[in-house]
Amino acid sequence: MTPPTLLVTVDSLRYDHLSGMSETRARLDDWHENAYTTCTATLGSFPGIIAGKYAEGVGLEPGESVANAFDDATVGITTNHLLSDRYGYQDGFGVFVSPDSDGSVKDKVGERLTIGSPSYKIASAVWGTFQRVKQRFVGVSKSFRPAESVVDSFLTHVDGKEGWFGWLHFMEPHYPYDPDGGDVSRSRAQMLSRKVISGEGTPEQEKLVRELYRREIRELDEKLARLWESIPSETRIVFCADHGELLGEDGLWGHPGEIRPELLHVPFGTANVPPTGDIISLVDIPTLLAEEQWGAGDLNRDTAYASYGGEKAAIDVDHIASEDGTMTHDGDPASAPTLERKLSRFDSGGVVKEDALKEDLEELGYL
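What comes next concerns the included structure. (Residues numbered from 1 in each chain as written. Predicted model: local features only at pLDDT ≥ 70, side-chain atom pairs only at ≥ 80, totals over all residues. Heavy atoms only, no water.)

**Some words on helix α6 (residues 186–197)**
- Between the first and last C-alpha of α6 there are 16 Å, a value that for 12 residues agrees with the 16 Å anticipated at 1.5 Å per step.
- Every buried residue of α6 is accounted for by Ala-189, Gln-190, Leu-192, Ser-193, Val-196 and Ile-197. Viewed along the axis of α6, the buried residues span an arc of 165°, placing them on a single side of the element.
- For α6, the elements touching its buried residues are α7 (203–230) and β9 (253–254).
- Where α6 terminates, the next one or two residues include Gly-199, which has phi positive at roughly 85°. (Helix = DSSP H or I, 4+ residues; strand = E, 2+ residues; numbered from the N terminus. Expected span 1.5 Å × (residues − 1). Buried < 20%, exposed > 50% of the residue type's maximum accessible area, 1.4 Å probe, protein only. Arc of directions from axis to C-beta. Contact = heavy atoms within 4.5 Å.)

**Description of the environment of Val-140**
- Position of Val-140 relative to the elements: it lies in the loop between α4 (118–138) and α5 (147–158).
- The class of Val-140 is partly exposed, set by a relative accessible area of 24%.
- Linking Val-140 and Ser-187, residues 47 residues apart in sequence, is a C-alpha distance of 6.0 Å.

**Here we look at a negative patch on the surface**
- A contiguous patch of negative charge, built from Glu-258, Glu-311, Glu-323 and Asp-324, is present on the exposed surface.
- For Glu-258, the location among the structural elements is in the loop between β9 and α8 (261–264). (Patch = residues over 30% accessible without salt bridge, like charges linked within 9 Å, V, L, I, M, F, W, Y side chains within 5 Å. Areas by Shrake-Rupley, 256 points an atom, 1.4 Å probe, with all protein chains shown as cover. Salt bridge = Lys/Arg side-chain N within 4 Å of Asp/Glu carboxyl O. Lys, Arg positive; Asp, Glu negative; His and termini not counted. Charge placed at Lys NZ, Arg CZ, Asp CG, Glu CD.)

**What to know about the pairing of strand β12 (residues 304–308)**
- Burial runs high along β12: five of the five residues are buried.
- Burial along β12 is two-sided: Ala-304, Ala-306 and Tyr-308 facing one way and Tyr-305 and Ser-307 facing the other are all buried.
- Bridging between β12 and strand β13 (residues 311–315) involves five bridges; their strand directions are antiparallel. Within the sheet, the bridge partner assigned to Ser-307 lies in β13 and is Lys-312.
- What sits between β12 and β13 in their antiparallel hairpin is a turn of two residues, with Gly-309 showing a positive phi close to 60°. (Pairing = 2+ DSSP bridges.)

**Concerning the nonpolar core**
- With 78 residues, the main nonpolar core has Phe-154, Trp-167, Leu-227 and Phe-239 as its most contacted residues.
- Per element, the largest residue contribution to this core is eight residues, and it comes from α7.
- Ile-279, Ala-306, Ile-315 and Ile-320 belong to the second-largest nonpolar core, a separate cluster that totals 12 residues. (Core = buried A, V, L, I, M, F, W, Y, C linked by side-chain atoms within 4.5 Å.)

**With respect to the packing of aromatic side chains**
- Counting across every chain of the model gives 12 aromatic pairs.
- The interplanar angle of 40° and the centroid separation of 5.8 Å between the aromatic rings of Phe-93 and Phe-96 together place this pair among those described as tilted. With respect to class, Phe-93 is no different from Phe-96; both count as buried.
- Each member of the aromatic cluster is reached from another via a ring pair, and the members are Phe-46, Phe-70, Tyr-89, Phe-93, Phe-96, Phe-165 and Trp-167. (Phe/Tyr/Trp six-rings, centres within 6.5 Å; stacked < 30°, edge-to-face > 60°.)

**Here we look at the sheet that holds strand β4 (residues 73–77)**
- Pairing in this open sheet of seven strands is mixed, and the strands run β2-β10-β7-β1-β6-β4-β5 from one edge to the other. One side of each edge strand has no neighbouring strand; the edge strands of this open sheet are β2 (30–31) and β5 (95–97).
- Where strand β7 (residues 236–241) meets strand β10 (residues 268–271), four bridges bridge the pair, whose relative direction is antiparallel. By the bridge assignment, Val-238 is partnered in β10 with Thr-270.
- Together, β1 (5–10), β4, β5 and β6 (164–170) form the strand contacts of α5, whose direction differs from that of β6 by roughly 170°.
- Along the sheet face, α7 touches β1, β6 and β7 and points at about 175° away from the line of β1. (Axes fitted to C-alpha atoms, helices over the stretch in contact; angles between N-to-C directions.)

**What to know about the sheet that holds strand β15 (residues 325–328)**
- Strand order in the open sheet formed by four strands is β12-β13-β14-β15, with antiparallel pairing between adjacent strands. The open sheet terminates on both sides in strands that have one partner only, identified here as β12 and β15. Geometrically, the sheet is characterised by an average inter-axis angle of 20° between neighbouring strands, direction not taken into account.
- Strand direction decides the pairing type here: β13 and strand β14 (residues 319–322), joined by three bridges, are antiparallel. The residue of β14 that forms the bridge with Ala-313 is Ser-322.

**Section: α5**
- Its 12 residues place the ends of α5 17 Å apart at the C-alpha level, agreeing with the 16 Å of an ideal helix rising 1.5 Å per residue.
- Within α5 the residues assigned to the buried category are Ala-147, Val-150, Val-151, Ser-153, Phe-154, Leu-155 and Val-158.
- On its buried side, α5 packs onto β1, β4, β6 and α7.
- Just downstream of α5 lies Gly-160, where phi reads positive at about 85°.

Below, the structure written as structure tokens:
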């Protein structure tokens, strides 16, 4: 029996904000300084994280998920609508819970209606009206399933089991930023986040939204402390973000899909996992977890690749090469002929977040 194995992914967590996660940094014994996503949007990054492949379409095909490598109990709990059974992410899991399978009235109705049909649209509109009326009398709830609920559910599912594989995905740093302990109410935090993300915020509002983002990260870390304390010390752990987040750089917010260092560079920590090469790509994660070659994984790589739509990038320890030119990791113009040749040979899949179902984009606040 292999030791318990855990993959923890966090949406939109910036590399340079990892300092706000003291509990998590203390639990993991190895932090990789040069880890990069395969796509600057969730839809394109998770085929790499879960299946070891560069995204060529939407979601996974049967048999591709690394969960299939484990004979023990397999538990997946995600909080992003793009990581649901609609996109094949339930593959290989004995227990799988996502926003589209939480048992709510909306989901029970949705099971009986065709997505995108007139009946589905009417039902969705009625549900939205109900939620808005409910908020007036009950209060505004957190935008996504909170971390403590995910942790509690996971620990219940693996209780008493010696071997297991778990995947937990958390949404706290994804906008709208609405932490429990913010300086403004949750409803106002959500409103300000959406306003600033759309480019309409004042400098004072932008400053406040950056603090809301930082607080989301600190609160997530506090909630993860129970997870770290509850799992066995020998648990094999991989922790990462799916992509970064822009917080006003060049007037940009969120993760608009551009090929930028703030979005490409991601935090990556492990425990009880063998060391890797100079560069880590998120496409290497299934190979790390399965302890065997999985998809395009390479634990001795010197170059990572990323794409979004028609844009692509090649990254080594010194440079980032894209079709806009080559720069150092500090942003200075540079020349790297070998890396540039590798970039020209990389075949991008061309995935963009708009390839997702319209209903899921609406749930995530993109529409």
